[in-house]
Amino acid sequence: MIEAVQRDDLSAVIHVIEQAIHQTLAVSKDEADSLVAGCVDEGLKSLLIPSGYIYLLYRHKQRVVGVVLLKPDNRLSCLFVDPAYHRQGIASSLLQSALIQRYKDDPAAVIRLNASTYAEPFYLHHGFQKNGEKKELPGGCIPFSAPIEQLIINKCD
């Protein structure tokens, strides 16, 4: 079930982000912790000043197993799923839910993100195009973008 992240969900959300980063990226513990901290900071901003943020989680049997954050500037800041739940469509569902919400307010939006090397195939599969050179940062940093109208499966009325 997809729902908005609430303050009470933060520890579970942080756990998902930690699990995903630590288990999927070939980075040191310090680098992983730094990536987690950046995601957590963005999530806290969205809860403190929610205007324009779309911060959603995926709950399976009362357990938070995925999270997505789309910022007001149409930058996809984080999309993580607990590795135990990979390849079950959770990331795709979270992405589509966030995009549909944004499409309702901004059908001309261009969604931008920086993907890890691990996530590159996922974003290519979902219609994103590379729009720059990979930066040598922990986990990889591959810039992608796409018009929202090309990304959503079912456009809203």
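Being a predicted model, the structure only gives us computed values, none of them experimental.

Participant: Honestly, a nonpolar patch on the surface in this entry has me stumped. Any pointers?
Facilitator: Side chains of Leu44, Leu48 and Ile49 sit close together on the surface and give an oily, nonpolar patch of about 310 Å² of accessible area. Of note, leucine 44 is situated in helix α2 (residues 29–48). Judged by its relative accessible area of 34%, leucine 44 is partly exposed.

Participant: Just checking my understanding: could you explain the layout of surface pockets for this structure?
Facilitator: To find leftover empty space, a probe the size of one water molecule is rolled over the atoms. Within this model, the largest pocket holds a volume of roughly 1,100 Å³. As for the largest pocket, its lining consists of 41 residues, of which Leu79, Phe80, Ser116, Ala119 and Tyr123 are closest to the centre. Broken down by secondary-structure element, the contributors of at least two residues to the lining of the largest pocket are α1 (10–24), α2, β4 (76–81), α3 (90–105), β5 (110–115) and α4 (120–125). It is β4 that provides the largest number of residues to the lining of the largest pocket, a total of six residues. Grouping the constituent residues of the lining of the largest pocket by class yields 23 nonpolar, 14 polar and four charged.

Participant: Looking at this model, I keep getting lost on the sheet that holds strand β1 (residues 2–4). Mind explaining?
Facilitator: Note on sheets: strands pair through backbone hydrogen bonds, and any given pair is parallel or antiparallel. Strand order in the open sheet formed by four strands is β1-β2-β3-β4, and the pairing between neighbours is antiparallel. With partners counted over all chains shown, the strands left at the sheet margins are β1 and β4, one partner each. In this sheet, adjacent strand axes meet at a mean angle of 25 degrees when their direction is disregarded. Bridge count for strand β2 (residues 54–60) against strand β3 (residues 63–70) is seven bridges, and the pairing is antiparallel. Looking across to β3, one finds that isoleucine 54 is bridged to leucine 70. Together, β2, β3 and β4 form the strand contacts of α1, whose direction differs from that of β3 by roughly 85 degrees.

Participant: For this particular structure, what's the right way to read the pattern of salt bridges?
Facilitator: Two side chains bearing opposite charge may form a pair once their charged atoms approach each other closely. Scanning the entire structure with this criterion turns up eight salt bridges. Notably, a salt bridge pairs lysine 45 with glutamate 42, separated by 3.5 Å at the nearest N-O pair. In this pair, lysine 45 and glutamate 42 are both assigned in helix α2, three residues apart and thus about one turn of the helix distant. Looking at glutamate 42, the relative accessible area reads 13%, which means it is buried. Here aspartate 82 ties to arginine 63 by a salt bridge, and the two come within 2.8 Å at their closest N and O atoms. In this pair, aspartate 82 sits in the loop between β4 and α3 while arginine 63 sits in strand β3, placing the two residues 19 residues apart along the sequence. Sharing partners across several salt bridges, the network here consists of Glu3, Asp9 and Arg59.

About the thresholds
Residues numbered from 1 in each chain as written. Predicted model: local features only at pLDDT ≥ 70, side-chain atom pairs only at ≥ 80, totals over all residues. Heavy atoms only, no water. Patch = residues over 30% accessible without salt bridge, like charges linked within 9 Å, V, L, I, M, F, W, Y side chains within 5 Å. Areas by Shrake-Rupley, 256 points an atom, 1.4 Å probe, with all protein chains shown as cover. Salt bridge = Lys/Arg side-chain N within 4 Å of Asp/Glu carboxyl O. Helix = DSSP H or I, 4+ residues; strand = E, 2+ residues; numbered from the N terminus. Buried < 20%, exposed > 50% of the residue type's maximum accessible area, 1.4 Å probe, protein only. 1 Å grid on protein atoms, 1.4 Å probe; cavity = no way out; pocket = protein on both sides within 12 Å on 5 of 7 lines; lining within 4 Å. Points joined across faces, edges and corners; volume = space filled by probe spheres on them. Nonpolar A, V, L, I, M, F, W, Y, C, P; charged D, E, K, R; others polar. Pairing = 2+ DSSP bridges. Axes fitted to C-alpha atoms, helices over the stretch in contact; angles between N-to-C directions. Contact = heavy atoms within 4.5 Å.

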